[in-house]
Amino acid sequence: MRVITLNVNGLRSAERKGFASWLARTDPWDVVCVQEIKCALDDVPPPLASPRRSLAAFYPAARRGYAGVALYARTPAALVHGFGDTEFDAEGRYLQADFRGLSIVSLYLPSGSSGPHRQASKFRFLDSFLPQLARLAQSGREVIVCGDWNIAHQPIDLRNWRSNQKNSGFLPEERAWLTRVFDELGYVDVFRRLDARPEQYTWWSNRGQAWAKNVGWRIDYQIATPGIAKRARAASIYKTRRFSDHAPLVIDYDFELA
């Protein structure tokens, strides 16, 4: 089973940059989770509205041109839109696909970088979402939560960690919350389980020469329950072409969807 996650920073923009054709060439994949689609259902580019031989599910924000998530799957699945929080469900931040014995979630956690009001919103999300993660962990199913978590967990996960300790995405409170996801709830950072190397990033600022100099952050994850995490066999960050300010995170699991 191959699972891909990518914050596209606008589905229409990513399609213009070749995302749809890349997906076609990247076959075989089983599930693709997409975040920050920034479009309503009637604005989804035709090549990404229903890729060949796949289920296509979308959960746009109520506000046009903002946030929203999507999920593509080669196998039929039961869908869950939102996790029961009125504020954040209106922003289209959670889409869950239930397969036999396995749930895969496309998640877009809020960013707090645009100001104190957005950081306050991010903290509200963290408080609300932790119980949902606990419910998933206790459901008896294996779970993979894919997406842009907007938190770099450890100093290894961003280039300039010393100068970012007071910035959203690397605040002590955010990092401690993610530690609780791992240590208290038992989830596994699947990429880090397979690849302990430094300078493995998934997002680069558009300012300066961040991409060229690899001054990045690892904020896109596949975070999984232990059973399915143990079945991960290979992980990679695709950087040959750019569809967004994020890069696709690709992980292969020794598991067959049914």
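All values derive from a computational prediction rather than experimental measurement.

**Q** Can you walk me through the overall build of the protein chain in this structure?
**A** Counting secondary structure elements, the protein chain contains eight helices and 14 strands. In terms of overall size, the protein chain behaves like a compact globule, its C-alpha atoms giving a radius of gyration of 17 Å where 258 residues would be expected to give roughly 18 Å. Taking the principal axes of the C-alpha coordinates as reference, the protein chain spans close to 45 × 40 × 40 Å. Expressed as a percentage of the 258 residues in the protein chain, the buried residues total 55%. Working note: accessible area of the protein chain is about 11,100 Å², and carbon and sulfur atoms make up 49% of it.

**Q** Would you mind going over the environment of Asn206 with me for this structure?
**A** Mapping Asn206 onto the fold places it in the loop between strand E10 (203-204) and strand E11 (216-217). Residue classification places Asn206 among the exposed residues on the basis of a relative accessible area of 61%. When the C-alpha atoms of Asn206 and Asp245 are compared, they prove to be 6.8 Å apart, with 39 residues separating the residues in sequence.

**Q** Just to check I follow, could you spell out the sheet that holds strand E1 (residues 2-7) for this structure?
**A** Through backbone hydrogen bonds, the strands of a sheet pair up, either in parallel or in antiparallel fashion. The strand order across the open sheet built from six strands is E3-E4-E2-E1-E14-E13, with neighbouring strands paired in mixed fashion. Edge positions in the sheet fall to strand E3 (55-59) and strand E13 (232-237), since each of these pairs with one other strand and no more. Going from strand to strand, the sheet's axes swing by 10° on average, the running direction of each strand aside. One ladder, built from five bridges, connects strand E2 (residues 31-35) with strand E4 (residues 69-73); its direction is antiparallel. Bridging across to E4, Val31 finds its partner in Ala73. Relative to the sheet, helix H2 (residues 19-26) contacts E1 and E2, its axis offset from that of E1 by approximately 165°.

**Q** What exactly am I supposed to notice about the nonpolar core here?
**A** Here is a general trend for soluble globular proteins: nonpolar side chains tend to be buried in one another's company. The biggest cluster of nonpolar side chains holds 36 residues, and the ones touching the most others in it are Met1, Val31, Leu102, Ile104, Ile144, Ile228 and Tyr253. Beyond its immediate stretch of four places on either side in the chain, Leu102 contacts Met1, Ala97, Arg141, Glu142, Val143, Ile144, Ile228, Phe255 and Leu257. Phe83, Trp149, Leu178 and Ile223 belong to the second-largest nonpolar core, a separate cluster that totals 23 residues.

**Q** How should I be thinking about the pairing of strand E7 (residues 102-108) in this particular structure?
**A** Working note: regular strand, side chains alternate between the two faces of the sheet. Buried residues dominate E7, accounting for seven of its seven residues. Here E7 shows no split at all, with Leu102, Ile104, Ser106 and Tyr108 on one side and Ser103, Val105 and Leu107 on the other all buried. The pairing of strand E6 (residues 94-99) with E7 spans six bridges and is classified as antiparallel. Looking at E7, one finds that Tyr94 is bridged to Leu107. Once E6 ends, the chain turns through two residues before running back antiparallel as E7, passing Gly101 with a positive phi of about 80°. Where E7 meets strand E8 (residues 142-148), seven bridges bridge the pair, whose relative direction is parallel. Counterpart to Tyr108 in the pairing with E8 is Asp148.

**Q** Is there a simple way to explain helix H6 (residues 172-183) in this structure?
**A** Since there are 3.6 residues in each turn of an α-helix, residues three or four apart along the chain are aligned in direction. Between the first and last C-alpha of H6 there are 16 Å, a value that for 12 residues agrees with the 16 Å anticipated at 1.5 Å per step. Those residues of H6 lying buried are Glu174, Trp177, Leu178, Val181 and Phe182. An end-on view of H6 places all buried positions within 145° of arc, on one side of the element. The exposed residues of H6 that point more than 90 degrees off its buried face are Pro172 and Asp183. Tucked into the core, H6 has its buried residues touching helix H5 (116-137), strand E9 (188-189) and strand E12 (220-224).

Parameters at a glance
Think of each chain on its own: its residues are numbered from 1, step by step along the sequence as written. With the structure being a predicted model, the display of local features is reserved for residues of pLDDT at least 70 and the display and counting of side-chain atom pairs for 80 or more, all residues being used for whole-chain, interface and lining totals. Each side-chain value is worked out from all heavy atoms of the structure, with water and hydrogens disregarded. Helix and strand labels come from DSSP, where a helix needs a run of H or I of at least four residues and a strand needs a run of E of at least two; each type is numbered from the N terminus. The quantity called the radius of gyration is restricted to C-alpha atoms. Its globule counterpart is 2.2 Å times the number of residues to the power 0.38. With a 1.4 Å probe rolled over the protein chains alone, any residue whose accessible area is under 20% of its type maximum counts as buried; one over 50% counts as exposed, and the rest are partly exposed. Per-residue accessibility takes into account occlusion by the displayed protein chains alone, with areas from the Shrake-Rupley method and a 1.4 Å probe. Following DSSP output, two strands are said to pair if at least two bridges run between them. Only the stretch in contact is used when a helix axis is fitted, and all axes are lines through C-alpha atoms; the angle between N-to-C directions ranges over 0 to 180 degrees. By the convention used here, residues are in contact when the closest approach between their heavy atoms is within 4.5 Å. As used here, the term nonpolar core means buried Ala, Val, Leu, Ile, Met, Phe, Trp, Tyr and Cys residues forming a set that is joined through side-chain atoms within 4.5 Å. In this analysis, the expected span of each helix is defined as 1.5 Å times one less than the number of residues it contains. In this description, the arc belongs to the directions extending from the helix axis to the C-beta atoms.

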